[in-house]
Amino acid sequence: DEASALPEATGDARSFRDLILAKLTYAVGKDPIVARDHDWLRALSLALRDRIVDRWMATTRGVYRMGGKRVYYFSLEFLIGRLLKDGLNNMGLLGTAREALASVGVDLDVIAELEADAALGNGGLGRLAACFMESMATVGVPAYGYGIRYENGLFRQNIIDGWQTESPENWLAYGNPWEFPRREVAYEIGFGGAVEASEGWDGSAVHAWKPAETVLAVAHDTPVVGWRGLRVNTLRLWSARSPDPISLDAFNAGDHIGALTARTKAESISRVLYPADSTPAGQELRLRQEYFFTSASLQDLVRRHLKQHREIRTLAQKAAVQLNDTHPAIAVAELMRILIDIHAMSWADAFALTRDTISYTNHTLLPEALESWPVPLLERLLPRHMQIIYAINARVLTEARAAGATDAMIAAVSIIDEGHGRRVRMGNLAFVGSHKVNGVSALHSELMKETVFRDLNTVFPGRITNKTNGITPRRWLMTANPGLAGLLRETIGEGFLDDAEKLVALEPFARDPGFQERFAAVKHANKARLAKTIQQTLGLRVDPAALFDVQVKRMHEYKRQLLNILETIALYNAIRTHPEKDWVPRVKVFAGKAAASYTSAKYIIKLINDVAKMVNTDPAVRNLLKVAFLPNYNVSLAEVIIPAADLSEQISTAGMEASGTGNMKFALNGALTIGTLDGANVEMRDHVGADNIFIFGLTAAEVEARRAKGLNPRANIEADPALAEVLDAVGSGVFSPADPQRHRGTVDNLTNSDWFLVTDDFTSYSAMQRRIDALWGTPAAWREKAILNVARMGWFSSDRTIRDYSDEIWGLPTVKVG
Ligand code: 26Y
């Protein structure tokens, strides 16, 4: 019969199969003979969760007994993606689960694809938080991630006739097998109302905030398992609930909708992720989200501390709060409020304790991305916090004066921006309330000292420190690229699994023809898989033998997808004019979401799709060039695209990309990088060697100098006939014949202002692409460089980053794994 044709599970796989079957029966409520793929996915996830929970309890108990310091990572975003394969891999159960499922006729890879992609973040900052959570569990940092359990994460991007449209993403539609709702862990979060001042026993002023409105924050815990399952930490996400589910008075009076408005308003706080990652929303709901999760998290950790240690004064010895950008910066005022108003601490003691507890990571220098809130809004929503902010500011400014600050410096270090209708600068608040403030790459941290925080750095020297970003090699190498991970294991042994820097052992194989062949075969298989995805989603056939040239990331003018597509057009023109040359076949892959309101970024998406339409169907191109814009870029799609790339595009205007982390993922997977000296690209060049990365374009200093003296895009265009031809074509509607004016605005903007220096860097970018073509013609030389990239990228493991934070910011010991 059919069942006997299935492979027999043995050993561990047999007991795991039994656990899966028990979950299917008793938790999912399905008989195996009628179970569908989603049922199997749920059963498997619950079975894995059981195994994780055993370790979770052991870890949590151990941490409690040790009585040591815990890290609290406060982030409005956690871009986690799928958890099944990564969890299985870290628990050492990937093979076991595959065999267990095969024995009941189910394909692990098929059901794993059904898991929702948890997109509770926009891009780099949110994904960094997810990598950090995994690395903290791996290196033995007892940590809690704190954030919001958005019901709807980042929007789904649809491409309709080449235009982006957005629709809601419903990641909870099939339930979430990983989380544990903790209805008993609920905190009251106040908004509005007034502050009552009275006299304390010693004559000092006592402040009591009486909020007008209260929302409940309910905890949902997800275990986060580290490599080899040695430690499991907790991601605690807050969901907003109304204390009054319904207004019965309104209901009884016949107002059935009005009876629910208070509830709807309260619950809207955790409804949806703000989908912008550079222009602050500036809206009240966003500020509510920020305060909601920050207050709940601080209440939670203070309660945990007091329960165990009984004494609030030791908080900084037992808790390190890391602020992921300014989004939770209100924590400075909220912790002060808790210490002073609730625990009756003196101002000086409270401020010292706050500063010793909190530290802050900055992720951007873009002035328009720095959060600031209008004073009247903060005053209305959080009146007590506004008082505390004024009081902090007065003391900081006094300190600054004493240190010899000029009026200009005072204006710059002030938490209140008096220049733009009185606003609270959240970056300054976070800075003065932290013992350490870090940037995310060496260049970015230096620029922080010279630009946004120049004067704060003078008043508080030594506070700014660098912690170069990293990525978890478990998800981004082992899970995403099992072919490469397997080859590496056979070649250099298992050491690199526990310590990514051991990848250097690969260096001696870089020129080995046999190894090169096997390395290339893995890459080819990954490219064939991506080619299949491209065929399925776009109906476009691409050749896995072509050079796969990839730019995937959020759509932003400073990331310069426009530079890439303009150069693609130049290449298209050149192929048509010189069909006799031996062009390197290329596939240009793009993916990325634009914020819904970011019009110019949406036009760039449309331009890429317009170009794709023409190039992909032009017989004169003879398949030498294909352009693919893959819709709905997310973590799961990244896991397919990145291992398949030959060339990684990291071409931001120098000085504007704080770090980048996609750059690291590509290089670790054996892509060569074409990039500017921006963010972590600089350190990547130092590690992989200048011969193994293609650096072009202006430096950050040169960009600054050109902007200072005035940009001259017209001169740039005149000096490069190929560029002039491209802009003429785009501007006159060659790629948009039905609407010739469509891309006029994009071209005019480049010609007249070009803030991102696309025309300044075009010529050197284009020249570098032709050098890359030449190298591609010598496969042995290309492969050698690619292998050296893999060998030398270990330092960019987020395990290293977390050890740096532990040593230099949190004051925590870490463990070696394996
Ligand atoms: C204020 C609000 C609109 C906002 C929301 C999200 C502002 C910024 C963001 C997200 C920023 C972000 O993702 N920044 C990226 O952080 C990465 C991790 O450090 C860096 O690698 C990357 O260069 C930086 O752009």
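Please read all numbers here as calculations on a predicted model, not as lab measurements.

1. Digging into the overall build of the protein
Now for step 1: A count of helical and extended segments in the protein gives 34 helices and 24 strands.
Now for step 2: Relative to its length of 818 residues, the protein is compact, with a C-alpha radius of gyration of 27 Å against a globular reference of 28 Å.
Now for step 3: Referenced to the eigenvectors of the C-alpha coordinate spread, the extents of the protein come out at roughly 90 × 80 × 65 Å.
Now for step 4: Expressed as a percentage of the 818 residues in the protein, the buried residues total 50%.

2. Notes on the site of the ligand
Now for step 1: Close to the ligand lie 23 residues; Gly124, Leu125, Asp277, Ala658 and Ser659 are nearest.
Now for step 2: Broken down by class, the residue content of the shell around the ligand amounts to eight nonpolar, twelve polar and three charged.
Now for step 3: Split by domain, the shell around the ligand shows at least three residues from each of two domains, domain 1 (67-82 + 117-469 + 803-810) and domain 2 (473-796).

3. A few points about the environment of Arg49
Now for step 1: One can find Arg49 in helix α2 (residues 37-66).
Now for step 2: The class for Arg49 is buried, based on 23 C-beta atoms found within 10 Å.
Now for step 3: Separated by 749 residues in sequence, Arg49 and Ser798 have C-alpha atoms that sit 24 Å apart.
Now for step 4: When sequence neighbours within four positions are dropped, the list of residues in contact with Arg49 reads Pro177 and Trp178.

4. Remarks on the sheet that holds strand β4 (residues 143-148)
Within a sheet, each strand pairs with its neighbour through backbone hydrogen bonds, oriented either parallel or antiparallel.
Now for step 1: The sheet built from nine strands is open, its strands ordered β7-β10-β11-β4-β1-β12-β13-β17-β18 with mixed pairing. Looking at strand neighbours, the two that pair on one side only are β7 (180-191) and β18 (464-466), the edges of this open sheet. Strand after strand, the sheet turns through a mean of 25 degrees between neighbouring axes, direction not considered.
Now for step 2: Sheet analysis places strand β13 (residues 358-361) next to strand β17 (residues 437-439), joined by two bridges and oriented parallel. Counterpart to Thr361 in the pairing with β17 is Asn438.

5. What about the domain arrangement of the protein?
Now for step 1: Split by domain assignment, the protein resolves into domain 1 (67-82 + 117-469 + 803-810) and domain 2 (473-796).
Now for step 2: Here domain 1 and domain 2 have C-alpha centroids that lie 35 Å from each other.
Now for step 3: Between domain 1 and domain 2, the contact holds 37 residues from the first and 31 residues from the second.
Now for step 4: For the side of domain 1 that touches domain 2, the secondary-structure elements that each account for two or more residues are β2 (78-81), α6 (124-139), β5 (156-160), β6 (163-167) and α17 (442-450).
Now for step 5: A per-class count over the side of domain 1 that touches domain 2 returns 14 nonpolar, 16 polar and seven charged.

6. Considering the confidence of the model for the protein
Now for step 1: Here the protein averages 96 in pLDDT, while 99% of its residues score no lower than 70.
Now for step 2: The ipTM assigned to the predicted complex is 0.99, against a pTM of 0.98.

7. As for the pairing of β4
Now for step 1: Where burial is concerned, most of β4 is hidden: six out of the six residues are buried.
Now for step 2: What you see with β4 is no split at all: Ala143, Gly145 and Gly147 on one side and Tyr144, Tyr146 and Ile148 on the other are buried throughout.
Now for step 3: By the bridge criterion, four bridges tie strand β1 (residues 70-74) to β4 in an arrangement that is parallel. In the sheet register, Val71 faces β4, and the bridge partner there is Ala143.
Now for step 4: Sheet topology note: the β4/strand β11 (residues 232-241) ladder contains five bridges and is parallel. Bridged to Ile148 within β11 is Trp238.

8. A short note on the nonpolar core
Now for step 1: Counting 227 residues, the largest nonpolar core has Leu44, Tyr72, Phe292, Ala331, Ile608 and Ile641 as the members making the most contacts within it.
Now for step 2: Here this core gets ten residues from one element, more than from any other, and that element is α6.
Now for step 3: Residue-level mapping places this core at the junction of two domains, with at least three residues from each of domain 1 (67-82 + 117-469 + 803-810) and domain 2 (473-796).
Now for step 4: Sequence-distant contacts of Leu44, defined by excluding residues within four places in its chain, comprise Ile20, Ala97, Leu101 and Ile111.

9. Side note on the sheet that holds strand β21 (residues 625-629)
Now for step 1: What the six strands build is an open sheet, ordered β21-β20-β19-β22-β23-β24; its pairing is parallel. Across the chains shown, the open sheet's two edge strands, defined by having one partner strand only, are β21 and β24 (694-695).
Now for step 2: Judged from the four bridges that link them, strand β22 (residues 647-650) and strand β23 (residues 672-675) form a sheet pairing that is parallel. When the sheet's bridge partners are listed, Leu647 is paired in β23 with Leu672.

10. Regarding α6
What sets the pattern is the α-helix's 3.6 residues per turn: residues three or four places apart point alike.
Now for step 1: Along its 16 residues, α6 runs 22 Å from first to last C-alpha, staying within 8% of the 22 Å computed at 1.5 Å per residue.
Now for step 2: Most of α6 is tucked away: 16 of the 16 residues are buried.
Now for step 3: After α6 finishes, the residue Gly140 shows a positive phi value of roughly 85 degrees.

11. Focus: the environment of Gly493
Now for step 1: Among the structural elements, Gly493 can be located in the loop between α20 (482-492) and α21 (495-498).
Now for step 2: Along the chain, Gly493 and Ala505 lie twelve residues apart, while their C-alpha atoms are 9.1 Å from each other.

12. Quick look at the packing of helix α23 (residues 561-577) against helix α30 (residues 721-732)
Now for step 1: It is the contact of α23 with α30, at a shortest axis distance of 9 Å, that shows an interaxial angle of 100 degrees. Regarding the angle of α23 to α30, the classification is roughly perpendicular. Seen from α23, the contacting residues are Leu566, Ile569, Ala570 and Asn573; seen from α30, they are Ala722, Glu725, Val726, Ala729 and Val730.
Now for step 2: For the contact of α23 with α30, the class distribution of residues is seven nonpolar, one polar and one charged.

Conventions used here
- Residues numbered from 1 in each chain as written.
- Predicted model: local features only at pLDDT ≥ 70, side-chain atom pairs only at ≥ 80, totals over all residues.
- Helix = DSSP H or I, 4+ residues; strand = E, 2+ residues; numbered from the N terminus.
- Rg over C-alpha atoms; globule rule 2.2 N^0.38 Å.
- Buried ≥ 20, exposed ≤ 12 C-beta atoms within 10 Å, placed from the backbone.
- Near = placed C-beta within 6 Å.
- Nonpolar A, V, L, I, M, F, W, Y, C, P; charged D, E, K, R; others polar.
- Domains from an automatic or database assignment.
- Contact = placed C-beta atoms within 7 Å.
- Pairing = 2+ DSSP bridges.
- Axes fitted to C-alpha atoms, helices over the stretch in contact; angles between N-to-C directions.
- pLDDT = per-residue confidence, 0-100.
- Core = buried A, V, L, I, M, F, W, Y, C linked by C-beta atoms within 7 Å.
- Expected span 1.5 Å × (residues − 1).
- Parallel < 35°, antiparallel > 145°, perpendicular 65-115°, else oblique.

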